[in-house]
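Chain residues, written in single-letter form:
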Amino acid sequence: MDPGRAEWDAVVIGAGHNGLVCAAYLARAGLRTLLVEARTEVGGTAASASWSGTTVNICNCDHLTFRTTPVIDELRLEDHGLKYLDLEPAQVNMAWSGGPAWTSHHSLEQTLDAIGRTYPN
């Protein structure tokens, strides 16, 4: 290796979903990319964790936002196994501090109705 040349063209710190996407685009552009992560798992808030006796997504709202971007198509993520199942309700939400759960739906009107039924005030 040429001592005047760096081993990597780009270094991405953090293998959460944003770091993974960033590193994928850099590598796709032909840059030698190093991705580093402090945790033993990648995915950041898009990862799963055990909570309250079940496996949950740490922050499933990221999936809702992610699906509004062109990333899935541009990186051909379905070719790598990504598949979303559109279920109703789309998610069940609970505050970490407790209180009743509420549901979110693919329809804004259904989501507002569900929130209104759970929290009428």
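Everything quoted here is computed from the prediction, not taken from an experiment.

Asks: Looking at this structure, how should I read the overall build of the protein?
Replies: What the protein contains, in helices and strands, is four helices and six strands. Listing every helix and strand of the protein by position from the N terminus yields β-α-β-β-β-α-α-β-β-α. Considered along the principal axes of its C-alpha atoms, the protein spans approximately 65 × 30 × 25 Å. Buried residues in the protein amount to 19% of all 121 residues. Taking contacts inside the protein between residues at least 6 apart in sequence as the whole, the part at least 24 apart equals 24%. A total accessible area of about 8700 Å² is found for the protein, and carbon and sulfur atoms account for 57% of it.

Asks: I would appreciate a short explanation of unusual backbone geometry in the present structure.
Replies: Note on backbone geometry: most residues besides glycine have negative phi, and most peptide bonds are trans. For the bond from E88 to P89, the omega torsion is -5°, close enough to zero to count as cis. Within the secondary structure layout, P89 lies in the loop between helix 3 (71-74) and strand 5 (91-93). In this structure, R76 takes a positive phi of about 50° despite not being glycine. Tracing the chain through its elements places R76 in the loop between helix 3 and strand 5.

Asks: Looking at this structure, how should I read the nonpolar core?
Replies: Grouped burial of nonpolar side chains is what soluble globular proteins tend to show. Ranked by size, the top nonpolar core spans five residues in total: V21, F66, V71, I72 and L75. Residue contacts for L75: discarding those within four places in its chain leaves V21, A24, Y25, R28 and H80.

Asks: How should I be thinking about a nonpolar patch on the surface in this particular structure?
Replies: Taken together, the side chains of W8, V11, I13 and V36 define a hydrophobic patch exposed on the protein surface, amounting to about 390 Å² of accessible area. Here V11 is to be found in strand 1 (residues 10-13).

Asks: Can you walk me through the pairing of strand 3 (residues 48-51) in this structure?
Replies: A regular strand places its side chains on the two faces of the sheet in alternate fashion. Bridge analysis of strand 3 against strand 4 (residues 54-57) gives four bridges, and the strand direction is antiparallel. When the bridges of strand 4 are listed, W51 appears paired with T54. In sequence, strand 3 turns back onto strand 4 through a hairpin of two residues, with S52 there showing a positive phi of about 55°.

Asks: Would you mind showing me how to read the pattern of salt bridges here?
Replies: Opposite charge on two side chains allows them to pair when their charged atoms are near. Taken as a whole and assessed by the stated rule, the structure comprises four salt bridges. In this structure, R39 engages E41 in a salt bridge whose closest nitrogen and oxygen atoms are separated by 3.9 Å. Given a relative accessible area of 40%, R39 falls into the partly exposed group.

Asks: Explain the side chain of S104 to me, please; I cannot follow it from the model alone.
Replies: Among the secondary structure elements, S104 is positioned in strand 6 (residues 102-104). At 2.9 Å, the side chain of S104 forms a polar contact with the side chain of N93.

Conventions adopted
- Residues numbered from 1 in each chain as written.
- Predicted model: local features only at pLDDT ≥ 70, side-chain atom pairs only at ≥ 80, totals over all residues.
- Heavy atoms only, no water.
- Helix = DSSP H or I, 4+ residues; strand = E, 2+ residues; numbered from the N terminus.
- Buried < 20%, exposed > 50% of the residue type's maximum accessible area, 1.4 Å probe, protein only.
- Contact = heavy atoms within 4.5 Å.
- Areas by Shrake-Rupley, 256 points an atom, 1.4 Å probe, with all protein chains shown as cover.
- Core = buried A, V, L, I, M, F, W, Y, C linked by side-chain atoms within 4.5 Å.
- Patch = residues over 30% accessible without salt bridge, like charges linked within 9 Å, V, L, I, M, F, W, Y side chains within 5 Å.
- Salt bridge = Lys/Arg side-chain N within 4 Å of Asp/Glu carboxyl O.
- Pairing = 2+ DSSP bridges.
- Polar contact = N/O pair within 3.5 Å; in protein donor to acceptor, adjacent residues only side chain to side chain.

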